[in-house]
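Residue-level structural notes
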Amino acid sequence: MLDSLPVGATALLAFFLALRAGPIPVTTTPKPSPAKAPAPAVPYDGMAVAPDIKERLLQFPRTKLDYDRSLLDPADGRTLLKLIDASRILDSIYFTQVSEDNPKVRVSILRTVNSQPAALDVFRYFSIMKGPWDRLKGDEPFLGTKRKPPGAGFYPADMTKEEFEKWVAAHPEDKKSFESLTTVIRREAGRLNAIPYSTYYGTLLKKVSERVKEAGELTKNASLKKYLSLLSAALLSNDYFQSDMAWMDLDSEIEVILGPYEVYEDNLFNFKAAFESFVSIRDKAESAKLSVYAAHLPDMEKNLPIPEAHKNFNRKFESPIRVVQEVYTAGDARQGVQTSAFNLPNDEKVREAKGSKKVLLKNVMEAKFRLSGQPIAERVLEPAAKGKISFDAYFNHTLFHELSHGLGPGIITSPEGQKVEGRLLLKNLYSTIEECKADVVGLWNILYAMDQKLLTGFDEDSLYATYAGLMFRSMRFGVDEAHGGGTAVQWNWCREKKAIEPAAGGRFRANASKFRDAIRSLSTELLEIEATGDYERARKLLDRYGKATPEIRATIARLTGIPVDLEPVFTAAGEK
Ligand code: ZN
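Residues numbered from 1 in each chain as written. Predicted model: local features only at pLDDT ≥ 70, side-chain atom pairs only at ≥ 80, totals over all residues. Heavy atoms only, no water.

Moving on to the overall build of the protein chain. When you go through the protein chain residue by residue, the secondary structure sums to 23 helices and 15 strands. In terms of overall size, the protein chain behaves like a compact globule, its C-alpha atoms giving a radius of gyration of 23 Å where 576 residues would be expected to give roughly 25 Å. On the principal axes, the C-alpha backbone points of the protein chain span a range of 65 × 60 × 55 Å. Residue burial in the protein chain is summarised as follows: out of 576 residues, 58% are buried. Across the protein chain, contacts joining residues at least 24 apart in sequence account for 75% of those joining residues at least 6 apart. (Helix = DSSP H or I, 4+ residues; strand = E, 2+ residues; numbered from the N terminus. Rg over C-alpha atoms; globule rule 2.2 N^0.38 Å. Buried < 20%, exposed > 50% of the residue type's maximum accessible area, 1.4 Å probe, protein only. Contact = heavy atoms within 4.5 Å.)

Structure follows, in structure tokens:
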């Protein structure tokens, strides 16, 4: 059938749109097809395109992700499709959370495709980045010249930090709604207003809520039914406490979470949560194996290299681990570099009550390791390290990274003596510090698990080589991003402590005799920052270590040709 398509821009576009049902915002009222729109007189409405757009696209090979269909009964098969449907709508909300100009820019690109088939490259990159800014280049525009507002689409584009802080200082009664995870800030007649997501994105959120409700009616699994019913209500009330609690209790073949969670998109304050969705199928055998580690979380908290007073035993360590096959993602979970594992919910009240759940997306991890992880490590390290780079070590570091998000300080006592989430005191630096902590404390806990003979699949040499080599997978994403900045801290710290040393030809080797001490001292630093909510100390650490040094830049430059990540193609959603 594809062979019979006439060759032309319009057909190409229609073909392309049919293939990419995923990231294209869904509208329920029929609109004129962009393919029929007249070609614009000026391509992209005059916005310039980065000349290397083709090369940028090659960084993300399209990669099929699928799941084992025999794992689901027919009712859950239909539940899954409803959840994919709900996720698509959520994706279009996220699209405007990134920038309210996004729909307009997308139309400019689609109209250009009519006269220039090469514009499909721009369209694809725009879809991957969820906007005209390159997430691999510190949000530099690849289309047009407009800078991305640090507060994305959550605040008025021209609002400064000072304006926000001044408003809250003058209107203390607004503090809670202004700093809320689930409000947008808008300016009207000179005054700032906080508008709840359920109002601001009301029309689309109602549709998401309906689909979620229908999905809950289809499944026979009681825990999934309960979660989806509470989630359907939460989407309309902005209160995700009950649905988050139910998500923690979810015991189902379908592992799904959908809602406003991560705050990385809000680079102004890290207050506002971006919508995202993960739809996946549980890998039972792997989950059982890994839950053994969860049973040792209290021992790991005890073993943290910080004073007793800073250890956090209030969490109940009810921290299930799931290993899943990713079926579909949307919103913040489907932009730029794909997530290979996540740890939710973020709500400290839920975490104090029930811990947090770690979900490892094993089919994503395997694809990433094969496409980029292994080739990068082999190019960064001396040739003798080649046999030491192990998927098992990589997989477990990701697992322990997620475990470690649930360890360490959470609600702390502020300098004024109030109980407060440490996150709020560390403000815009929190995400970088927390990601860095999860990496480093993750490694510290792997060493603990190895000492306890809980983990035996690889040795310390293999762990250090894999960790050191694969750091460049994160740093290629740019050190401005939460994960990348945290990784630069780790690399530079390990270099200073001589845990990583230069080798011939601009390569490096891990020095096992120094590694453990380097990991211990950096763990202490990060955990103490979180225990005290010390913003200045966090800033000093990031200023000194969280930078791309000439050595880091030179090493990154040697990684050309290796894919940075992948662009998922979800077979279950009909993508090809
Ligand atoms: Zn993390």
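There is more to say after this.
Attention now moves to the domain arrangement of the protein chain. Looking at the assigned domains, one finds that the protein chain contains domain 1 (1–27 + 103–129), domain 2 (66–99 + 149–281) and domain 3 (371–571). Distance from the C-alpha centre of domain 2 to the C-alpha centre of domain 3: 29 Å. Opposite the nine residues of domain 2 that make contact, domain 3 presents nine residues. Looking at the side of domain 2 facing domain 3, the largest losses of area belong to D66, Y264 and N270, adding up to 51% of the total buried there. Counting across the interface, domain 2 meets domain 3 through zero salt bridges. Counting the contacts that link domain 2 with domain 3 gives two residue pairs in polar contact (both at pLDDT 80 or more). Partitioned by chemical class, the residues of the side of domain 2 that touches domain 3 number four nonpolar, two polar and three charged. (Domains from an automatic or database assignment. Buried area = accessible area lost by both parts, 1.4 Å probe. Salt bridge = Lys/Arg side-chain N within 4 Å of Asp/Glu carboxyl O. Polar contact = N/O pair within 3.5 Å; in protein donor to acceptor, adjacent residues only side chain to side chain. Nonpolar A, V, L, I, M, F, W, Y, C, P; charged D, E, K, R; others polar.)

Spanning 22 residues, helix 18 (residues 430–451) covers 31 Å between terminal C-alpha atoms, matching the ideal 32 Å at 1.5 Å per step. Counting buried positions along helix 18 gives 20 out of 22 residues, so the element sits mostly inside the fold. In the segment just after helix 18, K453 is the residue with positive phi, at about 60°. (Expected span 1.5 Å × (residues − 1).)

Right, let's get into unusual backbone geometry. Cis rather than trans, the peptide bond between L344 and P345 has omega equal to -5°. By the element assignment, P345 lies in the loop between strand 9 (341–344) and helix 14 (348–354). With a phi close to 65°, D139 is a non-glycine residue in the positive phi region. In this fold, D139 is placed in the loop between strand 2 (133–134) and strand 3 (140–141). Of the residues examined, D139 reaches a relative accessible area of 17% and is grouped as buried. Its identity is not glycine, yet N270 carries a phi of approximately 55°, on the positive side. In this structure, N270 sits in the loop between strand 6 (254–260) and strand 7 (275–282).

Moving on, we come to the side chain of E265. Position of E265 relative to the elements: it lies in the loop between strand 6 and strand 7. A polar side-chain atom of E265 sits 3.2 Å from a polar atom in the side chain of Y94.

Burial along strand 1 (residues 62–65) is one-sided: T63 and L65 are buried, and none of R62 and K64, which face the opposite way, are. Examined bridge by bridge, strand 1 and strand 15 (residues 567–570) share four bridges and lie parallel to one another. What sits directly across from L65, in strand 15, is F570. (Pairing = 2+ DSSP bridges.)

Quick look at the pairing of strand 6 now. Within strand 6, seven of the seven residues are buried, leaving the element largely enclosed by the surrounding structure. When strand 6 meets strand 7, the two strands line up antiparallel, connected through seven bridges. Counted as the bridge partner of P260 is F275 from strand 7.

Attention now goes to the environment of A554. Position of A554 among the secondary structure elements: in helix 23 (residues 550–557). We classify A554 as partly exposed; its relative accessible area is 43%. Spatially, the C-alpha atoms of A554 and G506 are 8.4 Å apart, while their sequence positions differ by 48 residues.

Attention now moves to the sheet that holds strand 6. Spatially, 6-7-8-10-9 is the arrangement adopted by the five strands of the open sheet, whose pairing is mixed. The sheet is open, and its two edges are formed by strand 6 and strand 9, each paired on a single side. Adjacent strand axes in the sheet meet at a mean angle of 35°, parallel and antiparallel pairs treated alike. Its contacts with the sheet put helix 15 (residues 362–380) on strand 8 (321–331) and strand 10 (357–361), and the angle it makes with strand 8 is roughly 80°. Along the sheet, helix 16 (residues 391–405) contacts strand 8, strand 9 and strand 10; its crossing angle with strand 10, the most-contacted strand, is approximately 155°. (Axes fitted to C-alpha atoms, helices over the stretch in contact; angles between N-to-C directions.)

To continue, consider the packing of aromatic side chains. Per the stated rule, a full pass over the model turns up 26 aromatic pairs. Taken together through their ring pairs, the aromatic side chains of Y155, F164, W167, F178, F269 and F271 make up a single cluster. Here the guanidinium or amino end of K427 rests over the ring plane of Y535, the centre of that ring lying 5.7 Å away. The ring of W493 is capped by K497, whose NZ or CZ atom sits 4.7 Å from the centre of that ring. (Phe/Tyr/Trp six-rings, centres within 6.5 Å; stacked < 30°, edge-to-face > 60°. Lys NZ or Arg CZ within 6 Å of the ring centre and 35° of its normal.)

Before going further, it helps to examine the pattern of salt bridges. Within this structure, the stated rule accounts for 45 salt bridges. K302 is paired through a salt bridge with D299; the nearest N and O atoms lie 3.9 Å apart. One end of the pair, K302, and the other, D299, are both in helix 13 (residues 297–302), three residues apart, so they sit about a helical turn from each other. For D299, a relative accessible area of 30% puts it in the partly exposed group. The salt bridge partner of E525 is R537, with a shortest N-O separation of 3.0 Å. Here R537 lies in helix 22 (residues 535–545) and E525 lies in helix 21 (residues 512–532), a separation of twelve residues in the sequence. Assessed through its relative accessible area of 25%, R537 is described here as partly exposed.

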